[in-house]
Amino acid sequence: MTERSEFRLTVSCPDRLGIVARVARLIADGEGWITEAAQHTDTEAHWFFMRWVFSLPAGGDGDLAGHLRALANEFDMQWSLMRAQARPRVVILVSKEPHCLTDLLARWRSGELPMEIPAIISNHRLLEEIAACYGIPFIHIPVTPETRDQAFLRLQQQLHVLDADTVVLARYMQILPPNLCMEFRHRVINIHHSFLPSFVGARPYHQAFARGVKLIGATCHYVTQELDAGPIIEQDVARIRHDDQVADLVRKGRDVERWVLARGLRYHLEGRVLTHGNKTIVFD
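What comes next is a walk through the structure. (Residues numbered from 1 in each chain as written. Predicted model: local features only at pLDDT ≥ 70, side-chain atom pairs only at ≥ 80, totals over all residues. Heavy atoms only, no water.)

**Quick notes on the pairing of strand 3 (residues 47–57)**
And then number 1: In terms of residue burial, strand 3 counts as a mostly covered element, since 11 of its 11 residues are buried.
And then number 2: Across 11 bridges, strand 1 (residues 4–14) lies against strand 3 in antiparallel orientation. Of the residues in strand 3, the one forming a bridge with F7 is F54.
And then number 3: Relative to strand 3, strand 2 (residues 33–42) is paired through 9 bridges, and the arrangement is antiparallel. From the neighbouring strand, T41 faces strand 3, where its bridge partner is F48. (Buried < 20%, exposed > 50% of the residue type's maximum accessible area, 1.4 Å probe, protein only. Helix = DSSP H or I, 4+ residues; strand = E, 2+ residues; numbered from the N terminus. Pairing = 2+ DSSP bridges.)

**A short note on the nonpolar core**
And then number 1: Core analysis: the biggest nonpolar cluster contains 40 residues, and I92, L104, L105, I120 and L261 have the highest contact counts within it.
And then number 2: Elements with a minimum of two residues in this core: strand 5 (90–94), helix 3 (99–109), helix 4 (128–133), strand 9 (188–192), helix 7 (204–211), strand 10 (215–222), strand 11 (232–239) and helix 8 (246–269).
And then number 3: Among the elements that take part in this core, helix 8 stands out by supplying 8 residues, more than any other.
And then number 4: With residues up to four places along the chain from it excluded, the contact list for L105 reads I92, I117, I120, I130, Y134 and I136. (Core = buried A, V, L, I, M, F, W, Y, C linked by side-chain atoms within 4.5 Å. Contact = heavy atoms within 4.5 Å.)

**Considering helix 1 (residues 19–29)**
And then number 1: Listed in full, the buried residues belonging to helix 1 are I19, V23, L26 and I27. For helix 1, the arc enclosing every buried residue in end-on projection is 95°, short of the 170-degree limit, so these residues lie on one face. Pointing more than 90 degrees away from the buried face of helix 1 are the exposed residues A21, R25 and D29. (Arc of directions from axis to C-beta.)

**So, the packing of aromatic side chains**
And then number 1: Tallying each qualifying case throughout the model produces 1 aromatic pair.
And then number 2: The ring of W33 has R4 lying over it, and the distance from NZ or CZ to the ring centre is 3.8 Å.
And then number 3: Positioned above the aromatic ring of F75, the side-chain terminus of R16 is 4.2 Å from the ring centre. (Phe/Tyr/Trp six-rings, centres within 6.5 Å; stacked < 30°, edge-to-face > 60°. Lys NZ or Arg CZ within 6 Å of the ring centre and 35° of its normal.)

**Thoughts on the sheet that holds strand 3**
And then number 1: Pairing is antiparallel in the open sheet, where 4 strands are placed in the order 2-3-1-4. For this open sheet the edge positions go to strand 2 and strand 4 (78–83), each flanked by a neighbour on one side alone. In this sheet, neighbouring strand axes are inclined to one another by 10° on average, regardless of whether the strands run parallel or antiparallel.
And then number 2: Summarising the sheet, strand 1 and strand 4 pair through 6 bridges and their orientation is antiparallel. Of the residues in strand 4, the one forming a bridge with F7 is R83.
And then number 3: On the sheet, helix 1 packs against strand 1, strand 2 and strand 3 and is oriented at approximately 15° with respect to strand 3. (Axes fitted to C-alpha atoms, helices over the stretch in contact; angles between N-to-C directions.)

Shape descriptors only; they carry no functional weight alone.
As structure tokens, this is what we get:
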């Protein structure tokens, strides 16, 4: 039997008649077998989104990519074609809180998250030992009000050296500069310890406690120049009792943060997240 390779195709374009049929014909002409298919139309924006997984004979992706480029010109289409087994290079940024970092590393070690981790970068040294336990290089880039510009220039240079595909802010408590957000548009993922858009900024659990909420949550989103306002990938909540204190909210919130960040990152790594404006389509 001819050796085959599995690929993942994502498509985003104005909605019109014949998109699915034309793409399917290109894959069929290349002797492709579609194994997973999901599509969605935003009827208000008149925009079409698609994610397919399929296999091709070895070397067949080159011809398909050429045909897709021609089709993209015709349909004003944004598209991405990647090997389904690709392992993006993910650089994790942390500060002092270890819970999201340790959860991601455990899921990575078990094979749940298909990625490579070339380095962990932090503005503190408190989590360096965790990185060492997993054999991952740890880079310390301190950030102070006086050295902020130089620190983020060094951070951006390190991301280039590490050839980062994706950056994860696993409770990295610094605001990234606009130029870095623009360069890594839709490639910087943050976990915010609140159910956005409510309780933005610092101390959200204290804000929630003061409001007497019955649900707290966490939000995984792409980072943009506007603080805590990027496209949302995943959210979840935990129920709060009337006798819970701030420490209980923090404890419950940390669990939600772990789950939400892990799911959001996995969706991103598997090409399940497509963006349009400030909205996301997540083919989970």
